[in-house]
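Listed below are the residues making up each chain.
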Amino acid sequence: MNVGDEASRSFWMETAPTIEAPPLAADAGCDVVVVGSGIAGLSTAYELARSDRHVIVVDRGRIGRGMTARTTAHLATELDDLYSELIRVRGEEEARLYYDSQVAAVNRIEAICRNEGIDADFARVDGYLVPAEDSHRADLEQEYEACRSIGVDLEWADRVPMPGPGSGPVLRFPNQGRFHPGKYLAGLARAITACGGRLHSDTAYLGQKEIDGGVEIETEAGHRIQAAAAVFATNSPANDKVAIHTKQLPNRTYVIAGRVPKGTVPDVLLWDTLDPYHYVRIQPLGDAEDLLIVGGEDHRSGEANDMEERFARLEAWTRKHYPGFRGTGYRWSGQVLEPVDFMPFSGRNPGNPNIYIHTGDSGQGITNGVAGSLTILPAILGEDCRYAPVLDPARKPAALAALAEFVKGQAGAVKNFAEYIRPGEVSSADELAPGEGAVIREGLSKIAAYKAEDGTVIRRSAVCTHMGCLVHWNRFEKCWDCPCHGSQFSPDGQVLNAPALKPLAPNDRS
């Protein structure tokens, strides 16, 4: 199981080719083992396989059905946290290198689609940053100057070429992109296997140790993989308890998608300046219709349960700005990890010479994942990469703003631990409606109780098996979310998403 087994189904899940991959059935050896089969994992595996490295990819669920299948697949060199903020935190030189990594990522996706014959609906499109309020126009002026200072390709436009969001001026970012992430991952999977790589679904990572200059990976079924190096690309890192988790925060984001008449919404990317911001694109469907995809309404994972209200606000915003919107046909959510200094972590894991990670994608998941593959590949090959110092997972928060985000994140964990002494959300499972869950207090224990549709009550410990935070029920995805580091569990406590590796513990009365 992985997050593909949560309740919602994205458009990409419904329309992507199935990637056939059997579970690992015996011990194995390879040059590099990759844990995680999203955009970062499969992109890294592809680059390694093309460099004549024998690669094995494992995922706890189906291949390509993790968080990448829950994105909106904006291929953007524009930064959702704004380059003006990145320059303030990291300086112009590092911001320039980060921008270059994003340009390289979009270029690499385009080249792979061409070279491997992957029909993933890739197209170059413009992107627009739009002020949501008149008071935000000064922010665009500041962003324009910041982008010009580091060489970002952008210009002013009179207005965004869409039927709803405001008049100009707006910022236009040319040569952005969009594609179908599920089709792209299926193409990468084919290319990896054609180079001799192996893919194994339903193969949960359980632990690792470094041996004889290499790494041994243990799986939940007991099979082991010995490799010269391991790469962890699991949304939130599965291999680490502390080092990276204190430098990023897990957020939930929400998406709706519905049909519009062909050509009524131009084929561009759009972001506004609200906090949280809206993000928009289309996906071509055929001769008569396009799919309009709108996201937003983010919040800290596990710290809100008003999803219906959030979806209602997204739909109201969409209908206001896009009168041709024919109603919501898809609703889904995903999790993004927000790094304290706005850039992902890609490279050698702190303290482990043969282990590499990619995480911290923020709102740039696709481009950051590909940029991560272009950073990790040369590191494994013993070559230099100009992005490596900027994306180094061992880096420390470099400015007061980043330190403030760090403190904010730790305050969330402290607040969570304080829940141990508070009452439960309900007094007993009798108060639960079928299909709902809540945390109950029984003596000194907190119980994650779920009532199935047939009335059966499933009781598990509410203590996350990663670092001991208390999980919260997610009534939209029908899962348990950990607000501290992003672990997710099924209603019966099985792991859906790292960093937790073990299920929620059974309760004595289960």
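See the structure shown above.
One structure accompanies this document, and this report is about it. (Residues numbered from 1 in each chain as written. Predicted model: local features only at pLDDT ≥ 70, side-chain atom pairs only at ≥ 80, totals over all residues. Heavy atoms only, no water.)

1. Observations concerning the overall build of the protein
Consideration 1: Helices and strands together make up the secondary structure of the protein, namely 10 helices and 24 strands.
Consideration 2: For 510 residues, the compact-globule estimate of 2.2 N^0.38 gives 24 Å, and the C-alpha radius of gyration of the protein, at 22 Å, lies within 12% of that figure.
Consideration 3: Seen through its principal axes, the protein has C-alpha atoms that stretch 65 × 55 × 50 Å.
Consideration 4: Residues classed as buried in the protein amount to 60% of the 510 residues present.
Consideration 5: The contacts in the protein between residues at least 6 apart in sequence include a share of 70% that link residues at least 24 apart.
Consideration 6: Entry remark: accessible area of the protein is about 18900 Å², with carbon and sulfur atoms responsible for 49%.
Consideration 7: Side chains of the protein carry 52 positive and 70 negative charges; the gap between the two charge centres is 2 Å. (Helix = DSSP H or I, 4+ residues; strand = E, 2+ residues; numbered from the N terminus. Rg over C-alpha atoms; globule rule 2.2 N^0.38 Å. Buried < 20%, exposed > 50% of the residue type's maximum accessible area, 1.4 Å probe, protein only. Contact = heavy atoms within 4.5 Å. Areas by Shrake-Rupley, 256 points an atom, 1.4 Å probe, with all protein chains shown as cover. Lys, Arg positive; Asp, Glu negative; His and termini not counted. Charge placed at Lys NZ, Arg CZ, Asp CG, Glu CD.)

2. Observations concerning the state of the cysteines
Consideration 1: Counting across every chain of the model gives one disulfide.
Consideration 2: Bridging Cys 469 to Cys 484, the disulfide has an S-S length of 2.1 Å. The sign of the -95 degrees torsion about the S-S bond sets the Cys 469-Cys 484 disulfide as left-handed. Taken together, the residues span a long stretch of sequence, with Cys 469 in the loop between strand S20 (457–461) and strand S21 (472–474) and Cys 484 in the loop between strand S22 (479–481) and strand S23 (488–489) at a distance of 15 residues.
Consideration 3: For Cys 479, which is in no disulfide, the shortest distance to another cysteine sulfur is to Cys 482 and amounts to 12 Å.
Consideration 4: Classification of Cys 479 as buried rests on a relative accessible area of 0%. (Disulfide = S-S within 2.5 Å.)

3. Quick look at the packing of helix H3 (residues 83–90) against helix H4 (residues 92–116)
Consideration 1: Orientation of H3 relative to H4, taken along the N-to-C sense of each, is 135 degrees, at an axis distance of 7 Å. The angle between H3 and H4 places the two elements in the oblique class. Like other packed secondary-structure pairs, H3 and H4 cross with a definite hand, here right-handed. Along the contact surface, H3 presents Tyr 83, Leu 86, Ile 87 and Arg 90, while H4 presents Glu 92, Glu 94, Ala 95, Tyr 98, Tyr 99 and Gln 102.
Consideration 2: Residue classes in the contact of H3 with H4 are distributed as six nonpolar, one polar and three charged. (Axes fitted to C-alpha atoms, helices over the stretch in contact; angles between N-to-C directions. Parallel < 35°, antiparallel > 145°, perpendicular 65-115°, else oblique. Left-handed = near helix turned anticlockwise from the far one by under 90°. Nonpolar A, V, L, I, M, F, W, Y, C, P; charged D, E, K, R; others polar.)

4. What about the pattern of salt bridges?
Consideration 1: For the structure shown, the criterion picks out 32 salt bridges.
Consideration 2: Linking Arg 62 and Asp 5 is a salt bridge whose minimum nitrogen-to-oxygen distance equals 3.6 Å. Taken together, the residues span a long stretch of sequence, with Arg 62 in the loop between strand S2 (55–58) and strand S3 (74–75) and Asp 5 in the segment before helix H1 (11–15) at a distance of 57 residues.
Consideration 3: Among the residues examined, Arg 62 registers a relative accessible area of 35% and is labelled partly exposed.
Consideration 4: Of the charged contacts, one joins Arg 259 and Glu 289 as a salt bridge, the two residues approaching to 2.9 Å between their closest N and O atoms. (Salt bridge = Lys/Arg side-chain N within 4 Å of Asp/Glu carboxyl O.)

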